[in-house]
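Read off the chains here:
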Amino acid sequence: MSERENTAEMKQHSFSAEVGQLLDLVVHSLYSDREIFLRELVANAADAMDKRRFEALTNAALTLPEAPSIHIVADKDAKTITLSDDGLGMSPDELTQNLGTIARSGTKAFGEKLSNTKPEERPSLIGQFGVGFYSAFMVADKVDVVSRRAGEDVAARWVSEGKGSYSLGAAERAQPGTDITLHIKEDAEEFLDPWRLRGIIRKWADHISWPVILHEKDDEGKEKEETINEGTALWLRPKSEITSEQYTEFYRHVARAFDEPYATLHWRAEGTVEFASLLFLPGARPMDFMEQSSRESRIHLHVRRMFITDEANLVPNWLRFVQGVVDTEDLPLNVSREMLQATPVLARIRKAVTRRVVSEIKKRAQEGGESFTSFWNNFGLVIKEGLWEDSEHRQEIAEFARFHSTNGDELITLDEYISRMKPEQETVYYLVGDNLSALKASAQLEGFRSRGIEVLLLTDAVDSFWPDRLHSYKDKTFRSVVQAHGDLEKFAPETEEQGEPANVEKLTPVLKEALGDAVKDVRSTVRLTGSAVVITAEGGPDLAMQRLMRRSGQDMPALPPVLEINPRHPLIRALAERVEKGESVDEHARILLDLARVQEGEALPDPSGFARTLASLLAGAAA
Ligand code: ADP
Ligand code: MG
């Protein structure tokens with residue numbers, strides 16, 4: 001069938017808006033380091049072949065042909081590069097779905113990120129956001145995909161110039177698989193050179209376990225084929241033969257990353273279970289890490305060098321940033337999904353892999369230094385999920401975890417905190433909030449500061465949850481300062497307290513009366529030194545936890561806080577005097593509660609009421 005006949009039957013479709021935007025960015029902003037298009041397309045071909053082999057385990061109709069491979073043909077005269085694979089292929093619907101829309105949530109973030117990233121760093125973003133296929137448009141002004149889904153008789157063609165639309169029509173292909181033909185742009189003709197292609201494949205695709213075969217015409221026009229990639233499983237080679245560059249390249253390949261690994265763990269386990277493993281702790285946090293909807297590990301499981309799945313959950317979720325490969329001979333090659341779930345072999349591998357990773361992190365934590373700090377800054381918020389949900393490793397995590405505290409700007413360990421505890425102190429105090437600077441200024445800390453008691457300052461979402469679960473570390477329990485009412489009386493202030501306390505015995509019940517159900521109680525506190533009031537939570541979730549639940553749309557019944565007042569503060573003194581004189585403090589009471597809410601970063605239930613009352617009080621004071 002000639003191309004013209006084909007095109008005549010093609011139907012035009014519009015890209016989803018996001019794809020349109022993305023393509024615009026790809027075509028117009030990504031002009032350096034364009035060679036990664038080949039890496040992305042070869043990786044897709046290899047993925048499709050991995051998938052086909054895996055599905056063929058349970059469906060013989062999908063079985064791979066003999067000598068499955070990826071072919072790359074560059075045609076200098078036609079100015080095209082064609083990649084062909086024996087993969088699973090795509091049905092017309094799948095072509096539309098996979099190449100016409102972007103399902104991932106990370107893609108929006110990608111667009112934003114791209115526009116505020118330096119041009120020379122932009123290409124590296126493409127792979128990290130999993131929008132690899134579209135990188136073809138960095139070098140091609142037209143991309144032609146012919147694909148036949150394994151197990152089906154008909155093929156389909158997808159063609160696009162990357163400008164808002166694509167066409168879809170029928171096509172023919174003798175075997176299942178996919179051909180992707182790139183019509184190379186004038187300014188990208190260097191990529192038609194087999195020598196250049198060979199270099200790129202060696203650099204980026206050496207670890208692909210399927211043969212990548214480059215077709216080349218010699219001077220007489222005779223075609224010759226050459227397998228370019230080594231395809232050796234790096235993890236099975238002795239460490240002594242592997243350079244750090246090779247490790248880094250392999251890391252970038254499995255993790256689709258562009259940074260240097262922070263740690264490389266290459267070992268072979270022998271004993272109750274045998275496997276080889278090459279794992280990495282990333283040096284940088286992947287751009288879309290926090291947007292990823294899956295919390296599960298993506299470590300690749302191989303059986304006798306063959307990729308089986310990246311969904312075997314080889315480490316607990318709190319280690320999901322760990323990347324790499326585990327390869328075992330203790331499972332059959334035709335292992336099915338059901339079997340993967342049930343087999344004790346996998347449970348044993350999981351345990352051994354997790355133990356190794358945890359001990360590596362522990363070792364690095366002991367060495368400390370800037371590199372561990374940056375590792376912690378990248379992944380600490382995920383690791384802390386383990387404090388909450390991993391009863392087996394909870395105590396170990398607590399040992400190497402790092403925290404901000406009122407002690408200074410450096411991250412500290414719990415052991416350091418404990419070494420600075422007051423002799424009469426039994427509890428590790430912490431305060432949870434949205435950001436460090438707000439926490440540092442929080443009124444909740446005043447009494448702790450004046451008594452020289454250190455407080456952990458926690459800003460990650462998971463921090464609202466783990467302290468209760470962890471319960472204690474080295475016999476020390478955890479308590480939020482918001483709920484530490486009464487604790488402070490045990491400790492003597494280190495700094496001279498300002499002014500004599502007013503007698504608030506009459507004031508507190510009057511305030512309580514005025515506020516009614518809005519508060520659980522009103523009482524005098526020694527917790528404050530500068531502020532007049534503070535609210536605390538009692539008999540329910542911490543204030544930060546309540547805010548978090550409200551923000552995440554959960555039903556959070558309004559739990560009235562306790563309003564604590566500082567009897568040394570001039571405002572409270574003045575109010576105590578008013579009450580002595582029999583004057584009303586009803587309006588003041590409402591303002592006090594709202595002030596405490598504002599201080600805490602809480603939303604006011606009635607902001608305009610607050611503004612009106614405050615204005616009228618100020619007017620009274622100014623008159
Ligand atoms: P990703 O590979 O991260 O999913 P891509 O943009 O590279 O993102 O590819 C999008 C999707 O298109 C793939 O997930 C896959 O379903 C499909 N696809 C791309 N190339 C091929 C191919 N050669 N064979 C089969 N499917 C493919
Ligand atoms: Mg891809």
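Residues numbered from 1 in each chain as written. Chains lettered and ligands numbered in written order. Predicted model: local features only at pLDDT ≥ 70, side-chain atom pairs only at ≥ 80, totals over all residues. Heavy atoms only, no water.

Participant: Any chance you could explain the overall build of the protein chain here in plain terms?
Facilitator: Each helix and strand in the protein chain was counted, giving 21 helices and 23 strands. Relative to a compact globule of 623 residues, whose C-alpha radius of gyration would be 25 Å, the protein chain shows 32 Å and is clearly more extended. Structurally, the protein chain occupies a C-alpha span of about 110 × 60 × 40 Å along its principal axes. With 623 residues in all, the protein chain has 52% of them scored as buried. Accessible area for the protein chain stands at about 29,500 Å²; split by element, carbon and sulfur atoms hold 47% of it. Taking the average place of the 76 positive charges on the side chains of the protein chain and the average place of its 103 negative ones, the gap between the two points comes to 2 Å. (Helix = DSSP H or I, 4+ residues; strand = E, 2+ residues; numbered from the N terminus. Rg over C-alpha atoms; globule rule 2.2 N^0.38 Å. Buried < 20%, exposed > 50% of the residue type's maximum accessible area, 1.4 Å probe, protein only. Areas by Shrake-Rupley, 256 points an atom, 1.4 Å probe, with all protein chains shown as cover. Lys, Arg positive; Asp, Glu negative; His and termini not counted. Charge placed at Lys NZ, Arg CZ, Asp CG, Glu CD.)

Participant: Is there a simple way to explain the sheet that holds strand 15 (residues 403-405) in this structure?
Facilitator: The strands making up a sheet are joined through hydrogen bonds of the backbone, oriented either antiparallel or parallel. Strand order in the open sheet formed by six strands is 16-15-18-17-20-19, and the pairing between neighbours is mixed. Two strands lie at the open edges of the sheet, namely strand 16 (408-412) and strand 19 (472-473), each paired on one side alone. Pairing analysis gives two bridges linking strand 15 to strand 16, with the strands arranged antiparallel. In the strand pairing of strand 16, Ser 405 is matched with Gly 408. (Pairing = 2+ DSSP bridges.)

Participant: Could you clarify how one ought to interpret the nonpolar core in this entry?
Facilitator: The nonpolar side chains of soluble globular proteins are, as a tendency, buried together. If you look at the biggest cluster of nonpolar residues, it comprises 100 residues, and the most contacted ones within it are Leu 281, Phe 321, Leu 507 and Leu 563. The leading source of residues in this core is helix 10 (residues 344-367), at nine residues. When sequence neighbours within four positions are dropped, the list of residues in contact with Leu 281 reads Pro 261, Tyr 262, Ala 263, Leu 265, Phe 321, Val 322, Val 357, Glu 360, Ile 361 and Phe 375. With 50 residues, the next largest nonpolar core counts Phe 37, Leu 38, Met 90 and Trp 210 among its residues. (Core = buried A, V, L, I, M, F, W, Y, C linked by side-chain atoms within 4.5 Å. Contact = heavy atoms within 4.5 Å.)

Participant: Honestly, the pairing of strand 9 (residues 223-227) in this entry has me stumped. Any pointers?
Facilitator: The two faces of the sheet receive side chains in turn, since in a regular strand these alternate between them. Bridging between strand 8 (residues 212-217) and strand 9 involves five bridges; their strand directions are antiparallel. The residue of strand 9 that forms the bridge with Glu 216 is Lys 224.

Participant: Please explain a negative patch on the surface as it appears in this structure.
Facilitator: A cluster of acidic residues, Glu 270, Glu 274, Glu 329 and Asp 330, forms a negative patch at the surface. For Asp 330, the location among the structural elements is in the loop between strand 14 (323-328) and helix 9 (337-342). (Patch = residues over 30% accessible without salt bridge, like charges linked within 9 Å, V, L, I, M, F, W, Y side chains within 5 Å. Salt bridge = Lys/Arg side-chain N within 4 Å of Asp/Glu carboxyl O.)

Participant: Can you walk me through the domain arrangement of the protein chain in this structure?
Facilitator: It is common to give the size of an interface as the accessible area lost on bringing the parts into contact. The domain boundaries assigned to the protein chain delineate domain 1 (7-227), domain 2 (234-376), domain 3 (402-496) and domain 4 (499-540 + 551-623). Computed over C-alpha atoms only, the centres of domain 2 and domain 3 are separated by 35 Å. (Domains from an automatic or database assignment.)

Participant: How do you make sense of the pattern of salt bridges when you look at a structure like this?
Facilitator: Between side chains of opposite charge, pairing is possible as soon as their charged atoms come close. Per the stated rule, a full pass over the model turns up 36 salt bridges. In this structure, Arg 39 engages Glu 40 in a salt bridge whose closest nitrogen and oxygen atoms are separated by 3.0 Å. Exposure remark for Arg 39: the relative accessible area of 8% places this residue in the buried category. Accessibility expressed as a relative area gives 4% for Glu 40, which makes it buried. Taken together, the salt bridges that share partners define one network made up of Arg 295, Arg 320, Glu 385 and Glu 389.

Participant: What should I look at first to understand the environment of Leu 23 in this one?
Facilitator: Mapped onto the elements, Leu 23 comes out in helix 2 (residues 17-29). Among the residues examined, Leu 23 registers a relative accessible area of 0% and is labelled buried. In this structure the C-alpha to C-alpha distance between Leu 23 and Tyr 134, which are 111 residues apart in sequence, comes to 6.8 Å. Here Leu 23 is in contact with Phe 15, Tyr 134, Phe 137 and Gly 162, once residues within four sequence places are set aside.

Participant: Got a minute to help me understand the sheet that holds strand 2 (residues 70-75) in this structure?
Facilitator: As summarised here, the arrangement of the nine strands in space is 1-6-5-4-7-3-2-8-9, forming an open sheet in which the pairing is mixed. Single-partner strands in this sheet number two, and they are strand 1 (11-14) and strand 9. Adjacent strand axes in the sheet meet at a mean angle of 20 degrees, parallel and antiparallel pairs treated alike. Here six bridges tie strand 4 (residues 140-148) to strand 5 (residues 155-160), and the two strands are oriented antiparallel to one another. Across the sheet, Val 145 pairs through a bridge with Trp 158, a residue of strand 5. Sheet strands in contact with helix 4 (residues 92-100) are strand 4, strand 5 and strand 6 (165-171), and its direction is about 160 degrees off that of strand 6. (Axes fitted to C-alpha atoms, helices over the stretch in contact; angles between N-to-C directions.)

Participant: Please explain the environment of Asp 153 as it appears in this structure.
Facilitator: Mapped onto the secondary structure, Asp 153 falls in the loop between strand 4 and strand 5. Taking C-alpha positions, Asp 153 is 17 Å from Ala 56, a pair spaced 97 residues apart along the chain.

Participant: Can you help me understand the side chain of Thr 508 in this one?
Facilitator: Assignment of secondary structure puts Thr 508 in helix 17 (residues 507-515). Setting aside anything within four residues of it in sequence, one finds Thr 508 in contact with Val 522, Arg 523, Ser 524 and Ile 565.

Participant: In this structure, what is going on with the packing of aromatic side chains? I would like to understand it.
Facilitator: Centre-to-centre distance and the angle between the planes together describe a pair of aromatic rings. Counted by the stated rule, this structure contains 21 aromatic pairs. Relative to Tyr 166, the ring of Trp 158 lies with its centre 5.7 Å away and its plane at 20 degrees, an arrangement referred to as stacked. Each member of the pair Trp 158 and Tyr 166 is classed as buried. Residues Tyr 262 and Phe 375 carry aromatic rings whose centres are separated by 5.1 Å and whose planes lie at 25 degrees to one another, so their mutual orientation is stacked. (Phe/Tyr/Trp six-rings, centres within 6.5 Å; stacked < 30°, edge-to-face > 60°.)

Participant: Please clarify how the side chain of Asp 594 should be interpreted in this entry.
Facilitator: In this structure, Asp 594 sits in helix 20 (residues 586-600). Among the residues examined, Asp 594 registers a relative accessible area of 9% and is labelled buried. One polar contact links Asp 594 to Arg 597, side chain to side chain, over a distance of 2.8 Å. Leaving out residues up to four positions away in the same chain, Asp 594 has contacts with Leu 604, Pro 605 and Phe 610. (Polar contact = N/O pair within 3.5 Å; in protein donor to acceptor, adjacent residues only side chain to side chain.)

Participant: Got a minute to help me understand the confidence of the model for the protein chain in this structure?
Facilitator: Atom-level detail of predicted coordinates should not be read off regions where pLDDT is low. Averaged over the protein chain, the pLDDT score is 89; the fraction of residues at 70 or greater is 94%. Here residues 1-5 is modelled with pLDDT under 50, and outside its nearest four sequence neighbours on either side it reaches four contacts, counting other chains as well. (pLDDT = per-residue confidence, 0-100.)

Participant: Looking at this model, I keep getting lost on unusual backbone geometry. Mind explaining?
Facilitator: Keep in mind that most residues, glycine aside, have a negative phi and that most peptide bonds are trans. You will see that Arg 304, though not glycine, has its phi angle at about 45 degrees, which is positive. The exposure class assigned to Arg 304 is partly exposed, which follows from its relative accessible area of 41%. Here the phi dihedral of His 471 falls at roughly 65 degrees; this positive angle occurs in a residue that is not glycine. The topology assignment puts His 471 in the loop between helix 16 (466-470) and strand 19.

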